[in-house]
Amino acid sequence: MSEQTHAHQHQSHGDIIKRLKRAEGHLRSVVGMIERGRPCVDLAQQLHAVEKAVCQAKRTLIQDHIDHCLDHAVTAASERGDNTALDDFKLITKYL
């Protein structure tokens, strides 16, 4: 993981936090379901919900990064002839 050089706070972060907290609750629920011996189909359904919530949070974060951070970085870098923004884009796309 790269170190953050400045604070990032975007409008979407509140939504991402809500999604991740919901996924966290689902995940705790799955653990309890396993401990209580619930059927595998029920477990799979809940794990699917966790997976979708986390994937959506990740997608929102990456899209926000591309739309805001990289757009700003590319504009600034083009003025300096710097490839850092392109390298950043290549790095984050590994997580898609």
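Quick summary incoming for the structure in this document.

Analysis parameters
- Residues numbered from 1 in each chain as written.
- Predicted model: local features only at pLDDT ≥ 70, side-chain atom pairs only at ≥ 80, totals over all residues.
- Heavy atoms only, no water.
- Helix = DSSP H or I, 4+ residues; strand = E, 2+ residues; numbered from the N terminus.
- Contact = heavy atoms within 4.5 Å.
- Areas by Shrake-Rupley, 256 points an atom, 1.4 Å probe, with all protein chains shown as cover.
- Buried < 20%, exposed > 50% of the residue type's maximum accessible area, 1.4 Å probe, protein only.
- Expected span 1.5 Å × (residues − 1).

So, on to the overall build of the protein chain. Along the backbone of the protein chain there are 3 helices and 0 strands. Reading the helices (α) and strands (β) of the protein chain from amino to carboxyl end gives α-α-α. Partitioning the intrachain contacts of the protein chain with sequence separation of at least 6 by distance along the chain shows that 60% fall at a separation of at least 24. As displayed, the protein chain has an accessible area near 7,400 Å², and 57% of this comes from carbon and sulfur atoms.

The next subject is the environment of Leu-96. When you line up the elements, Leu-96 lands in the segment after helix H3 (84-93). Among the residues examined, Leu-96 registers a relative accessible area of 66% and is labelled exposed. When the C-alpha atoms of Leu-96 and Lys-58 are compared, they prove to be 8.1 Å apart, with 38 residues separating the residues in sequence.

On to helix H1 (residues 13-35). With 23 residues, H1 should cover 33 Å at 1.5 Å per step; its first-to-last C-alpha distance of 33 Å lies within 8% of that length. Within H1 the residues assigned to the buried category are His-13, Ile-16, Ala-23, Val-30, Gly-32 and Met-33. Two residues or fewer after H1 comes Gly-37, characterised by a positive phi angle close to 75°.

Function cannot be read off these values alone, since they describe shape.
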